Amino acid sequence: MAIEAFADPEALLRQHGLQVTAQRLSVLRAVSRHPHSTTDDIYTVVRAELGAISRQAVYDALASLTDKRILRRIQPAGSAARYETRVGDNHHHLICRGCGRTVDVDCAAGYAPCLTPTDNSDFEIDEAEVTYWGICPECAAATSSPSNTDDQHRRRTPEGTSDRGEGST
Ligand SMILES: [Zn+2]
Ligand SMILES: [Zn+2]
């Protein structure tokens with residue numbers, strides 16, 4: 001699906017008024033092949049393809065592609081920013097608390113915002129970002145007994161912290 005939209009990435013860049021550069025094309029390809037990649041992941045792929053490229057050049061390419069909404073940037077709590085080529089469909093994400101695996105979920109409504117707050121405080125709301133947090137089947141299988149899961153939780157919690165809630169910062 002996303003691949004088709006990237007059949008002609010050069011045209012895509014031109015349509016959005018961006019100069020076609022080897023860096024931008026390579027970044028686009030990397031994200032299209034590895035959805036939900038972090039900047040570091042993308043840098044590694046692009047470097048393998050182009051050889052010499054600075055981290056800054058990858059940052060710049062990601063910034064301009066995101067700015068033009070050719071790429072979508074998501075930033076789940078506690079994670080680095082991630083990029084994907086699936087844009088404009090208001091899809092959501094399932095994220096595994098164990099391994100960080102990120103999976104697309106179609107938006108039930110298909111338009112933004114798909115949820116309305118009980119009180120919008122007179123804001124003009126244009127998006128509701130929905131992230132479903134949980135445990136993927138692989139991680140669930142790896143910690144199938146409840147006592148194991150408990151142990152893992154304890155190991156992840158910093159010493160002296162008894163707060164088991166998921167703080168947002
Ligand atoms: Zn997992
Ligand atoms: Zn996605």
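Residues numbered from 1 in each chain as written. Chains lettered and ligands numbered in written order. Predicted model: local features only at pLDDT ≥ 70, side-chain atom pairs only at ≥ 80, totals over all residues. Heavy atoms only, no water.

**Section: the coordination of the zinc ion (ligand 2)**
Part 1 of the argument: Within the protein, the zinc ion (ligand 2) binds to His36 (NE2), Glu84 (OE), His91 (NE2), His93 (NE2) and Asp104 (OD); these donor distances fall in the range 1.8 to 2.2 Å.
Part 2 of the argument: Among the residues examined, aspartate 104 registers a relative accessible area of 27% and is labelled partly exposed. (Donors = N, O, S within 2.8 Å, 3.2 Å for Na, K, Ca; no water. Buried < 20%, exposed > 50% of the residue type's maximum accessible area, 1.4 Å probe, protein only.)

**Quick look at the side chain of glutamate 84**
Part 1 of the argument: Position of glutamate 84 among the secondary structure elements: in strand S3 (residues 82-84).
Part 2 of the argument: For glutamate 84, a relative accessible area of 1% corresponds to the buried category.
Part 3 of the argument: A polar contact is formed between the side chain of glutamate 84 and the side chain of histidine 91, at a distance of 3.0 Å. (Helix = DSSP H or I, 4+ residues; strand = E, 2+ residues; numbered from the N terminus. Polar contact = N/O pair within 3.5 Å; in protein donor to acceptor, adjacent residues only side chain to side chain.)

**Describing a negative patch on the surface**
Part 1 of the argument: A cluster of like negative charges, contributed by Glu124, Asp126, Glu127 and Glu129, occupies part of the molecular surface.
Part 2 of the argument: With respect to the element layout, glutamate 127 can be found in the loop between strand S5 (102-105) and strand S6 (131-134). (Patch = residues over 30% accessible without salt bridge, like charges linked within 9 Å, V, L, I, M, F, W, Y side chains within 5 Å. Areas by Shrake-Rupley, 256 points an atom, 1.4 Å probe, with all protein chains shown as cover. Salt bridge = Lys/Arg side-chain N within 4 Å of Asp/Glu carboxyl O. Lys, Arg positive; Asp, Glu negative; His and termini not counted. Charge placed at Lys NZ, Arg CZ, Asp CG, Glu CD.)

**Remarks on unusual backbone geometry**
Part 1 of the argument: Omega for the bond connecting alanine 112 with proline 113 falls within 30 degrees of zero, at -10°, which places this linkage in the cis form.
Part 2 of the argument: You can see proline 113 is positioned in the loop between S5 and S6.
Part 3 of the argument: In this structure, histidine 36 takes a positive phi of about 65° despite not being glycine.
Part 4 of the argument: Mapping histidine 36 onto the fold places it in the loop between helix H3 (22-33) and strand S1 (37-38).

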